[in-house]
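Single-letter residue listing:
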Amino acid sequence: MNVTETASQGLKREFKVVVNAATLAQQAEERLAEMAPKAQIKGFRPGKVPVAHLKRLYGKSVMAEVVQKAIDDGARTVFADRNLKPAYQPEVKLPEAADEVEQIMDGKKDLSFDVSAEVIPEFQVKDHAGLALTKHVVSVTDAHLDEAVERLASGSKSWESKDAKAKAEKGDRVTISFVGKIDGKAFDGGTGENIPLELGSNQFIPGFEDQLIGKKTGDEVVVKVTFPESYGVPELAGKPAEFETKVASIDAPKAATVDDEFAKRMGFESLAALRDMLKGGIEREFGRMTSMKLKRDVLDALDKEYTFELPQKLVEAEFNGIWNALQNEMQRAGKSFADENTTEDEARKEYRAIAERRVRLGLVLGTLGEKENIQVNEQELQQALIARVRQFPGQEKQVYDYYRKNPSALIELRGPIFEQKVVDLIVGKASVTDKETSREDLQKMVEEDLEDEG
């Protein structure tokens, strides 16, 4: 195999690879010779088929295999032999002329093809032992526990019928029947009988529940609303409607008494045991937020420390993924760039910067992890797979089978684990100072970081 570098500009490398026709022919002959002892063809005893006969039958297909292997090997080794790491699967440009391809397959012409890719940039990995980090932590207080218990009790509340003359208030549950009409005509899905509705829950179209506040049992009212522009049914989106509604009954909420009996109904021995369980859950929640903030701070620090040329194809792929997701979200929400106080050009510039940051940090973390020989073991990958499967109740088997049958999908699960292990390594070497903060402040910091990341 003869290799000539034809282009070297920035990170882009391009090579011309030529494989001698005689070499291809020899490899094809060797492959046919390997097949002969196992071949079973009518008219010949098993293993006694002449190679010449096999060549007449399978010569073209065997040569196609040999040529493909030569291309695959060439595309791989041309970079490895020069200690270059392609940033993505190298691109191969093959001969297009039919007569040239025919001559190659007949063993009459050398195989010649081009291989190109951008390479991973070289940069000096820094020592992060002196990195100063602040770890924002939140301690679980009695107030946090009281709030969690009250939230649990609220979900277990019961209802008491209100007097027939009592008016519906926010928080009450009304049972209603209604017929929805647009332009005086009833529409599909707009009719309901004896439907319970908690006022203030925002279950119905915006404005619907508010118009029932102050009504009494037996009242009839025409509720006038307009379907949101982003409503899931296109035929109704943005249209005004009237709902002829009758209030059948009104119930007032009755909060559950929080005591040991309440805890036992929840499956715990006592209220103290229930609070201990809730405390553990809150601690895990706060811990996740702390980890998210700390990880973001590490990535911000790395982003400031490293500057180098980026493989533009990786940047373009990352940007396209972000941009397509953004456009789909804006379309679902019925929003424009003007609604976000920006322009398409400004948004493109902003999200390209995000794409460049992600690619840069990915290369830095990958290089750091390789240097430190960080590995993701099978147990960690299996735990990640189980966690992903649990996100799809009722479809666990299908999701599990999908990942087990698709190695590329498993690689996607491996990436976040590897990245977190590198971040943990950096944190372990850094100078970390704990700083007590409130849940609200930490949550705000995490949300702002997510917004900045796009």
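Higher on the page you've got the structure.
Residues numbered from 1 in each chain as written. Predicted model: local features only at pLDDT ≥ 70, side-chain atom pairs only at ≥ 80, totals over all residues. Heavy atoms only, no water.

Looking now at the nonpolar core. Soluble globular proteins tend to bury their nonpolar side chains together. If you look at the biggest cluster of nonpolar residues, it comprises 47 residues, and the most contacted ones within it are Leu302 and Tyr351. Those elements that place two or more of their residues in this core are helix H6 (271-305), helix H7 (312-333), helix H8 (344-371), helix H9 (378-389), helix H10 (396-405) and helix H11 (407-429). The leading source of residues in this core is H8, at ten residues. Formed by 31 residues, the second largest nonpolar core is a distinct cluster that contains Val67, Val78, Ala87 and Leu111. (Core = buried A, V, L, I, M, F, W, Y, C linked by side-chain atoms within 4.5 Å. Buried < 20%, exposed > 50% of the residue type's maximum accessible area, 1.4 Å probe, protein only. Helix = DSSP H or I, 4+ residues; strand = E, 2+ residues; numbered from the N terminus.)

Taken together, Glu350, Glu447, Glu448, Glu451 and Asp452 make up a surface patch of like negative charges. Ranked by residues supplied to the negative patch, first place goes to helix H12 (residues 439-453) with four residues. By secondary structure assignment, the location of Glu350 is in helix H8. (Patch = residues over 30% accessible without salt bridge, like charges linked within 9 Å, V, L, I, M, F, W, Y side chains within 5 Å. Areas by Shrake-Rupley, 256 points an atom, 1.4 Å probe, with all protein chains shown as cover. Salt bridge = Lys/Arg side-chain N within 4 Å of Asp/Glu carboxyl O. Lys, Arg positive; Asp, Glu negative; His and termini not counted. Charge placed at Lys NZ, Arg CZ, Asp CG, Glu CD.)

Mapped onto the elements, Val149 comes out in helix H4 (residues 142-155). Classification of Val149 as buried rests on a relative accessible area of 2%. Taking the C-alpha atoms as reference points, Val149 and Leu271, 122 residues apart in sequence, are found 9.4 Å from one another. Among all residues touching Val149, those that are not within four sequence positions of it are Val258, Arg275 and Leu278. (Contact = heavy atoms within 4.5 Å.)

What describes a pair of aromatic rings is the distance from one ring centre to the other and the angle between the planes of the rings. One pass over the structure, following the stated rule, counts 15 aromatic pairs. Between the aromatic rings of Trp323 and Tyr351, the centroid separation amounts to 6.4 Å while the plane-to-plane angle is 70 degrees, which identifies the pairing as edge-to-face. A residue pair is termed long-range when its members are at least 10 positions apart, and Trp323 in helix H7 and Tyr351 in helix H8 qualify at 28 residues. Of the residues examined, Tyr351 reaches a relative accessible area of 15% and is grouped as buried. Among the aromatic residues, those joined into a cluster by ring pairs are Phe178, Phe187, Phe204, Phe208, Phe227, Tyr231 and Phe243. When the ring centre of Tyr306 is taken as origin, the NZ or CZ atom of Lys126, which lies over that ring, is 5.3 Å away. Taking the ring centre of Phe319 as reference, the NZ or CZ of Arg352 above it sits at 4.4 Å. (Phe/Tyr/Trp six-rings, centres within 6.5 Å; stacked < 30°, edge-to-face > 60°. Lys NZ or Arg CZ within 6 Å of the ring centre and 35° of its normal.)

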